Amino acid sequence: MSIGGEQRRRELGLATVVMLSLFWPVPGLAAPSQDPELKKTNPALLFKDGQNALAKGDLDTASTDFEKVLKLDPRSGAAHANLGVIAMRRKNWDRALAELHEAQKLTPQMTGIRLNIGLVQYRRANYVEAIPPLESVVREQPDSSQARYLLGLCYTFVEKYDDAVKALEPLWPKFSDQFVYLYVLGNAAFRVGNKELDEKASRRLIEVGGDSPEFHLLMGKALLTRNDDQKALEEFQKAAVGGDSLPFLHFELGVTYWRMEKFDAALEELRKDIAIEPEIGYNYEQLGRVYLQVGREEDAEKAFLEAVKREPRLPTALVELSKIHLRKGDLQSASREAESAVKLAPKNQNAHFLRGQVLQKLGRSQEARAEFAEASKIMAAGVERDRSLVDKRATADPELAQQP
């Protein structure tokens, strides 16, 4: 088994891998009184009210209460942590990280804060940055299935497959009836040549999956990675028999047809997935890649713009947009997009080389030379990791990035 290497956000119905209680509120303090006047000056009472509001889903009230706590007690790590939780639920990742990092400074012993920091970085597709806080949680709490599973996924996305196996294999007793866990574990085992574990995960996946659409979808993905496009197509077609509206199925069919250079079929399948999941950026990104392949640059530009509007952290879409705008002479847009791509994929030589080209056109020769030098340095070091920017056959793994 094996997977590609990109990311995107949205919960997937492939399998209930694990229901993590990650948006956790910090335990509150007992309330000595319900006197309204006392609450105004008592951070413990305000904190309790904030917790109650958070438990009810009243994020505005909870946020107001925790902010009042901080005015009375600026060193309340718990209040910062819960403001981070509120920001997570609102998907305001920048605010979440700021609050959680402040909470971590004030209460470094609380592993739950680091777990949430790891999750925020995961949701932002910053897998490298997610690893250290998750590793620290696993070191202190080896039995934390939440942190361990997230860590294993992060290792997989950055292609540290040996570490992924070490993180994921201990979860077998709890997770061996979950499709995606078995698929990711088998993928990592396959990558490191652990034939015994690969076959074990494969057998179990067949036992658990049976003839379900979800099973055929995952098997198709595994075959895609092994470059057996025809057999992958057959598995996806089997999945479609009982699950035509299965999330990401038409995306995978579109990718398969694209790899087989059946571009009309690829476009049709991607449009189907867009109809099912109109807010998923990866559909539009892949649509743009197909349009480029058939010479429809205007349509490709529109598709890439739709992709980054929904998901600003797609380096491939940003690189392709920058190339298009560079060809059109729109240097300001090209520069902005190339700079964003470099920030998202700092170890990608193509992104640096492209930014160098744009800077050179802008007359910023010194900065351009620095980018060209960085591209050469990366190429010489052999650390190019973002295959999606250099390999036509590379595919996204949007559904896996939704776990947990």
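Residues numbered from 1 in each chain as written. Predicted model: local features only at pLDDT ≥ 70, side-chain atom pairs only at ≥ 80, totals over all residues. Heavy atoms only, no water.

Trainee: Explain the overall build of the protein chain to me, please; I cannot follow it from the model alone.
Mentor: Of regular secondary structure, the protein chain possesses 22 helices and zero strands. Looking at the protein chain as a whole, 57% of its 404 residues qualify as buried. Put simply, 60% of the contacts in the protein chain that link residues at least 6 apart link residues at least 24 apart. Here the protein chain has roughly 17,800 Å² of accessible surface; of this, 49% comes from carbon and sulfur atoms. (Helix = DSSP H or I, 4+ residues; strand = E, 2+ residues; numbered from the N terminus. Buried < 20%, exposed > 50% of the residue type's maximum accessible area, 1.4 Å probe, protein only. Contact = heavy atoms within 4.5 Å. Areas by Shrake-Rupley, 256 points an atom, 1.4 Å probe, with all protein chains shown as cover.)

Trainee: What is the right way to look at unusual backbone geometry in this model?
Mentor: Across the chain, the bulk of peptide bonds are trans and the bulk of non-glycine residues have phi less than zero. We note that Phe-248 has phi near 75 degrees; this positive angle belongs to a residue other than glycine. On the basis of relative accessibility, which here comes to 0%, the residue Phe-248 falls in the buried class. Even without being a glycine, Glu-261 presents a positive backbone phi close to 60 degrees.

Trainee: So what exactly am I meant to see when it comes to the nonpolar core here?
Mentor: In this structure, Tyr-149 and Tyr-181 are the most contacted members of the largest nonpolar core, which totals 53 residues. Sorting elements by how many residues they give to this core places helix H11 (residues 179-191) first, with nine residues. Of all hydrophobic cores here, the second largest spans 47 residues; its members include Leu-246, Phe-251, Leu-318 and Leu-354. (Core = buried A, V, L, I, M, F, W, Y, C linked by side-chain atoms within 4.5 Å.)

Trainee: Hey, could you run me through the environment of Leu-70 in this one?
Mentor: When you line up the elements, Leu-70 lands in helix H3 (residues 59-72). Separated by 24 residues in the primary sequence, Leu-70 and Leu-46 have C-alpha atoms spaced 10.0 Å apart.

Trainee: Looking at this model, I keep getting lost on the side chain of Asn-42. Mind explaining?
Mentor: On the secondary structure map, Asn-42 appears in the loop between helix H1 (36-39) and helix H2 (43-55). A distance of 2.9 Å separates a polar atom in the side chain of Asn-42 from the backbone nitrogen of Ala-44. (Polar contact = N/O pair within 3.5 Å; in protein donor to acceptor, adjacent residues only side chain to side chain.)

Trainee: Just to check I follow, could you spell out helix H22 (residues 365-381) for this structure?
Mentor: One full turn of an α-helix is made of 3.6 residues, so residues set three or four places apart face in the same direction. Given a rise of 1.5 Å per residue, 17 residues ought to cover 24 Å, and the 24 Å separating the end C-alpha atoms of H22 matches this to within 8%. Taken residue by residue, H22 has Ala-368, Glu-371, Ala-375 and Ile-378 as its buried positions. The buried residues of H22 occupy an angular sector of 90 degrees when the element is viewed end-on, so they sit on one face. Summarising the geometry of H22, the exposed residues directed more than 90 degrees from the buried face are Gln-366, Arg-369, Lys-377, Ala-380 and Ala-381. (Expected span 1.5 Å × (residues − 1). Arc of directions from axis to C-beta.)

Trainee: How should I be thinking about the confidence of the model for the protein chain in this particular structure?
Mentor: Atomic detail in the predicted coordinates should be set aside for any region of low pLDDT. For the protein chain, the mean per-residue pLDDT works out to 84, and 84% of the residues sit at or above 70. Low pLDDT, under 50, characterises residues 1-33; the predicted model gives this stretch 139 contacts beyond four residues in sequence or across chains. Per-residue pLDDT stays below 50 along residues 383-395; that stretch engages in 44 contacts with residues further than four places along the chain or on separate chains. (pLDDT = per-residue confidence, 0-100.)

Trainee: Whenever I open this one, the packing of H2 against helix H4 (residues 77-89) confuses me. Can you help?
Mentor: For any two helices packed against each other, one specifies the inter-axial angle together with the distance between the axes. Orientation of H2 relative to H4, taken along the N-to-C sense of each, is 20 degrees, at an axis distance of 11 Å. In terms of orientation, H2 and H4 fall into the roughly parallel class. Between H2 and H4 lies a crossing of left-handed hand. Residues Phe-47, Gln-51 and Leu-54 of H2 form the contact with H4, whose participating residues are Ala-78, Ala-79, Asn-82, Val-85, Ile-86 and Arg-89. Considering only residue class, the contact of H2 with H4 consists of six nonpolar, two polar and one charged. (Axes fitted to C-alpha atoms, helices over the stretch in contact; angles between N-to-C directions. Parallel < 35°, antiparallel > 145°, perpendicular 65-115°, else oblique. Left-handed = near helix turned anticlockwise from the far one by under 90°. Nonpolar A, V, L, I, M, F, W, Y, C, P; charged D, E, K, R; others polar.)

Trainee: Would you mind showing me how to read the environment of Ser-202 here?
Mentor: Examined against the element boundaries, Ser-202 turns out to sit in helix H12 (residues 195-209). Take Ser-202: its relative accessible area is 21%, and that puts it in the partly exposed class. Along the sequence, Ser-202 and Tyr-183 sit 19 residues apart, while their C-alpha atoms lie 7.6 Å from each other. Side-chain polar atoms of Ser-202 contact the backbone oxygen of Asp-198, separated by 2.8 Å.

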